[in-house]
Amino acid sequence: MAKKKQTSDPNYKVIAENRRARFDYAIEDDIECGIVLEGSEVKALRGNGTNIADSYAAVENGELWLVNSYIPPYEQAKVFKHEERRRRKLLVSRKELADLWNLTQRKGMTLVPLVIYFNHKGRAKIKLGIAKGKKLHDKRETQAKRDWGRQKQRLLKDAR
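Cut-offs applied
- Sequence order sets the numbering: in each chain, residues are counted from 1 along the sequence as written.
- In keeping with the predicted nature of the model, local features appear solely for residues at pLDDT of at least 70, side-chain atom pairs appear and are counted solely at 80 or more, and the whole-chain, interface and lining totals rest on all residues.
- As a rule here, side-chain values cover all heavy atoms of the structure and leave hydrogens and water aside.
- Counting from the N terminus, the helices are DSSP H or I runs at least four residues long and the strands are E runs at least two residues long.
- Relative accessible area decides the class of each residue, using a 1.4 Å probe on protein chains only: under 20% of the type maximum gives buried, over 50% gives exposed, and in between gives partly exposed.
- Note on contacts: a residue pair qualifies if any of its non-hydrogen atoms lie within 4.5 Å across the two residues.
- With residues, only the protein chains shown are counted as cover, and all accessible areas are computed by Shrake-Rupley using a 1.4 Å probe.
- Throughout, the arc means the angular range of directions from the helix axis out to the C-beta atoms.
- In this analysis, rings of Phe, Tyr and Trp, with Trp reduced to its six-membered ring, are considered paired at centre separations within 6.5 Å, and the interplanar angle assigns stacked below 30 degrees, edge-to-face beyond 60, and tilted for intermediate values.
- The criterion for a charge sitting over a ring is simple: Lys NZ or Arg CZ within 6 Å of the ring centre, and within 35 degrees of the ring normal.
- Strands are treated as partners if at least two bridges between them are detected by DSSP.
- Salt bridge, as used here, is a side-chain nitrogen of Lys or Arg placed within 4 Å of a carboxyl oxygen of Asp or Glu.
- The set of buried Ala, Val, Leu, Ile, Met, Phe, Trp, Tyr and Cys residues whose side-chain atoms join them within 4.5 Å is what this entry labels a nonpolar core.
- In this analysis, the protein atoms alone were mapped onto a 1 Å grid. Cavities are point sets where a 1.4 Å probe fits without being able to get out; pockets are open sets with protein on both sides within 12 Å along at least five of seven lines; lining residues have an atom within 4 Å of a point.
- Grid points are joined across faces, edges and corners, and a volume is the space filled by probe spheres set on the points.
- For this scheme, ten residues count as nonpolar: Ala, Val, Leu, Ile, Met, Phe, Trp, Tyr, Cys and Pro. Four count as charged, namely Asp, Glu, Lys and Arg, and the remainder, Gly too, count as polar.

Engineer: With reference to specific residues and values, describe the overall build of the protein chain.
Structural biologist: Helix and strand counts for the protein chain stand at four helices and seven strands. Going residue by residue from the N terminus, the α and β elements of the protein chain occur as β-α-β-α-β-β-β-α-β-β-α. For the protein chain, the spread of C-alpha atoms along the three principal axes comes to 60 × 40 × 25 Å. Taken over 160 residues, the protein chain has a buried fraction of 33%. For the protein chain, restricting intrachain contacts to residue pairs at least 6 apart in sequence, the fraction spanning at least 24 positions comes to 68%. On the protein chain, roughly 11300 Å² of surface is accessible, and the fraction owed to carbon and sulfur atoms is 48%.

Engineer: Please set out helix α2 (residues 39-46) residue by residue, giving values where relevant.
Structural biologist: Turning to α2, its buried residues number three or more, namely Ser40, Glu41, Ala44 and Leu45. Along the axis of α2, the buried positions cluster into a sector of 140°, meaning they face one direction only. Tucked into the core, α2 has its buried residues touching β1 (13-17), β5 (88-91), β6 (110-118) and β7 (124-133).

Engineer: Lay out the packing of aromatic side chains in plain terms, naming residues and giving numbers.
Structural biologist: For the structure on display, the rule yields one aromatic pair. Ring centres of Tyr12 and Tyr117 lie 5.7 Å apart, and the angle between their planes is 45°; on these two criteria the pair is classed as tilted. Taken as a pair, Tyr12 in the segment before β1 and Tyr117 in strand β6 lie far apart in primary sequence, 105 residues in all. Across the ring face of Phe118, the terminal group of Arg46 is positioned such that the distance to the ring centre comes to 3.9 Å. The ring centre of Trp65 lies 4.7 Å from the NZ or CZ of Arg87, which sits over that ring.

Engineer: Quick one: what's the story with the pairing of strand β2 (residues 25-35), residue by residue and with numbers?
Structural biologist: As paired elements, β2 and β7 share nine bridges and run antiparallel to each other. When the bridges of β7 are listed, Gly34 appears paired with Lys125.

Engineer: Explain the pattern of salt bridges to me, using residue names and the numbers behind them.
Structural biologist: For the coordinates displayed, the defined rule picks out 11 salt bridges. Measuring nitrogen to oxygen at the nearest pair gives 3.4 Å for the salt bridge that ties Lys95 to Asp99. Within this pair, Lys95 and its partner Asp99 are both found in helix α3 (residues 94-105), separated by four residues, close to a single helical turn. Take Lys95: its relative accessible area is 61%, and that puts it in the exposed class. The structure contains a network of salt bridges with shared partners spanning Glu38, Glu41, Arg86 and Arg88.

Engineer: Residues and numbers for the nonpolar core, please.
Structural biologist: Soluble globular proteins tend to pack their nonpolar side chains together in the buried interior. Cys33, Leu64, Leu90, Leu100, Leu111, Ile126 and Leu128 are the most contacted members of the largest nonpolar core, which totals 24 residues. For this core, the secondary-structure elements that each account for two or more residues are β1, β2, α2, β3 (56-60), β4 (63-67), α3, β6 and β7. Sorting elements by how many residues they give to this core places β7 first, with four residues. Sequence-distant contacts of Leu64, that is, excluding residues within four places in its chain, are made with Cys33, Ala57, Ala58, Val59, Arg88, Lys89, Leu90, Val92, Leu97, Leu100, Leu111 and Leu128.

Engineer: Provide a residue-level description of empty space enclosed by the protein, including the pertinent values.
Structural biologist: In the structure shown here, the tally under the stated rule is one cavity of 30 Å³ or more. Estimated volume of the largest cavity: approximately 30 Å³. Lining the largest cavity, in full, are Ile35, Leu37, Leu45, Leu66, Ser69, Ile71, Arg88 and Ile116. Split by residue class, the lining of the largest cavity holds six nonpolar, one polar and one charged.

Spelled out as C-alpha cells, the structure:
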C-alpha cells in the first residue's frame, strides 16, 4: 500500500496549476523562481482565482519577466490596489538567467509557467518549465497514450 504524503506543513499551498502546459509542450526541464509581488497581490494569492494558463516567461533586458498572468484584485485593499495582468519580475541567479536566455534565444525553447505555490517558508514561488512546442501528431500520441492508460485501468479493475 502506498504511503500517504505528510501534509503537516501549514505554509505549503499550491495556488495555480497550468495543466494544459504538459499537453501543449514537451517539458524538458524545470526551474524554481521567486516572484516580486506587491502587498495586495500576496493577499489575493492566498484567496482563489489566480490563473497562469495563458501566461509565459521571457528574458528581456537582462531580467526575467512573467507576462499575462492573472491575479484577481484584493477587495479589502483600499489604497494600494494592484493591476491584475501586470508584468511581474521573476528572481533567478545570474547563471540561471544566462542559461535561460541561451535556451530561449538560441535553441528556440519556451518558458512556460507550470505551477505557482507558497513554499514551506510561506514565500510565493513559481515553477517554470523549459519546453519545446509539440506538433499536432505529438498531441494526438499523448492523447492516445492517456486514453489507453485509462482503458487499461478499467480492464484491470473489472478483472478483480
